[in-house]
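Overview (structure and organization)
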Amino acid sequence: MSNPAGEYLSSGPRFAEGEMIERIESFRRRRPRLLDDQVTLAHGAGGKASAALVDAVFVEAFRNPALEPLGDGAVLTLPSGERIAMSTDAFVVQPLRFPGGSIGALAVHGTCNDLAMAGAVPSWISVAFVLEEGFGIAELKEIVADMAAAAAHAGVQIVTGDTKVVPRGAADGLFVTTSGAGVIPAGRALSPASVRVGDKVLLSGPMGEHGMAVMLARGDLAIEADIRSDTASLSPLVELLMAAAPATRWLRDATRGGVGTVCNELAQACGLGVLLDEARLPVSPTVNGACEMLGIDPLYVANEGKLVAVVAPEQADDGLAALRSHPLGAQAAEVGEIVAEPGETVVLRTGFGGTRIVDMLVGDPLPRIC
């Protein structure tokens, strides 16, 4: 475990499409088994409990090739040969408004980002509202206005939707569900199957800002800190990165479970290891201080405006420069690399020169942050 990165660098596996499906099946067989009799908050947190629930209930019922990769969105090929990405998401964040955003803006940004991470240019969104009886019309108008402004800024259209009202006490005010679609440019392919040993891991900015902003906004903690959510549409950043580094292998926005969980999902899907450098991981002093007070590792705190990218080593500098050229990526950093061993594992090189395993959490210490 104490080997330097250079000792890890050797030829790693690459997989054809059929082989990748076999790897996905093997990965799913190794994922945690569902042992619970009832749903808990941990099942919605994006960690091991979520993976177990998805595998045992939803994948078992809906199994098909488009679903099997279990990405944030499905990549579909139309009869014309054109490829699109399709994604759906639900938002139950509490409070509905928080420093830097609201459930309305978050719903648009989250959907756009899921599409962008699949390589698509987000174009259309549908939205469904579940309203609790007694919810204020004025507040609803404000949230809808936030959503409209976010969509206009992201360059997407909200083209259809639905509204349901449930009795008092049945919806905690407001829940929002969105679906989105976008076209994937010709020749663009992002997949764990393309990841190679020696590839560089880029992070577009400081960790944990959204999760901590929402937690502090709830007012349950005796902590005062000027932390704002980073919620934003990452599509412009993706397009800059892809133009500068077309050999980008894989993208993911680090939402529930944060950077640590995203890197674990990558390692398990591609069969290789991810070696992170603690000294290079960007985190603001304010977020880091709040996390220390709460005993939470910033690696596991959600973002809603940051992406993790795996880029071919010869294009990593150009990709990093492209990210830094945009306000959303001004503090981007190269934070690690892909290694052959230990496979399917995330290792953190600490500031003291040692290493430790970054495992996937069972649940999220910060529930209902999206």
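Residues numbered from 1 in each chain as written. Predicted model: local features only at pLDDT ≥ 70, side-chain atom pairs only at ≥ 80, totals over all residues. Heavy atoms only, no water.

As annotated in an unreviewed UniProt entry, the protein is Hydrogenase expression/formation protein HypE from Mycobacterium helveticum. Quoted verbatim from the Sequence similarities (unreviewed entry) field of the UniProt record, the comment on the protein reads "Belongs to the HypE family." (UniProt positions renumbered as here; feature names shortened; annotations may be inferred.)

1. So, the side chain of Asp-114
When you line up the elements, Asp-114 lands in helix α4 (residues 103–117). Separated by 3.3 Å, the side chains of Asp-114 and Ser-87 make a polar contact. Non-local contacts of Asp-114, meaning those with residues more than four positions away in its chain, are made with Asp-72, Ser-87, Asp-89 and Asp-253. (Helix = DSSP H or I, 4+ residues; strand = E, 2+ residues; numbered from the N terminus. Polar contact = N/O pair within 3.5 Å; in protein donor to acceptor, adjacent residues only side chain to side chain. Contact = heavy atoms within 4.5 Å.)

2. Remarks on the sheet that holds strand β13 (residues 346–349)
Strand pairing in a sheet takes place through backbone hydrogen bonds and is either antiparallel or parallel in direction. Strand order across the open sheet formed by seven strands is β9-β11-β8-β12-β10-β13-β14, with mixed pairing between neighbours. Here the strands that pair on one side only, and so sit at the sheet edges, are β9 (248–253) and β14 (355–357). Within the sheet, the average angular offset between the axes of one strand and its neighbour, ignoring direction, is 25°. Along the sheet, α4 contacts β9 and β11 (307–311); its crossing angle with β9, the most-contacted strand, is approximately 165°. Of the strands in this sheet, β8 (200–203), β11 and β12 (333–339) are in contact with helix α10 (residues 316–324), which crosses β8 at around 5°. (Pairing = 2+ DSSP bridges. Axes fitted to C-alpha atoms, helices over the stretch in contact; angles between N-to-C directions.)

3. Examining helix α6 (residues 209–217)
With respect to burial, α6 is a largely interior element, eight of its nine residues being buried. When α6 is considered as a whole, its buried residues turn out to be Glu-209, His-210, Gly-211, Met-212, Ala-213, Val-214, Met-215 and Leu-216. On its buried face, α6 is in contact with β3 (97–98), α4 and α9 (285–294). Backbone geometry just after α6 places Gly-219 at a positive phi near 75°. (Buried < 20%, exposed > 50% of the residue type's maximum accessible area, 1.4 Å probe, protein only.)

4. Side note on the side chain of Arg-249
Summarising the element assignment, Arg-249 is placed in strand β9. Given a relative accessible area of 11%, Arg-249 falls into the buried group. Those residues in contact with Arg-249 that sit more than four places away from it in its chain are Ala-189, Leu-190, Ser-191, Ser-194, Val-195, Arg-196, Asp-199, Val-310 and Ala-312.

5. So, the sheet that holds strand β6 (residues 157–166)
Ordered by their spatial adjacency, five strands build an open sheet running β1-β2-β7-β5-β6, and the pairing between neighbours is mixed. Single-partner strands in this sheet number two, and they are β1 (74–77) and β6. Each strand of the sheet is rotated relative to its neighbour by a mean of 15°, with strand direction disregarded. Lying on the sheet, helix α5 (residues 137–154) is in contact with β5 (121–132), β6 and β7 (174–184); it crosses β5 at an angle near 170°.

6. Concerning the pairing of β6
In summary, the side chains of a regular strand alternate between the two faces of the sheet. Looking at chain direction, β5 and β6 are connected through nine bridges and run parallel. Residue pairing across strands places Ser-126 opposite Thr-160, the latter belonging to β6. Read from β5 through α5 to β6, the crossover connection turns out right-handed. (Right-handed = clockwise from strand over helix to strand, strands pointing away.)

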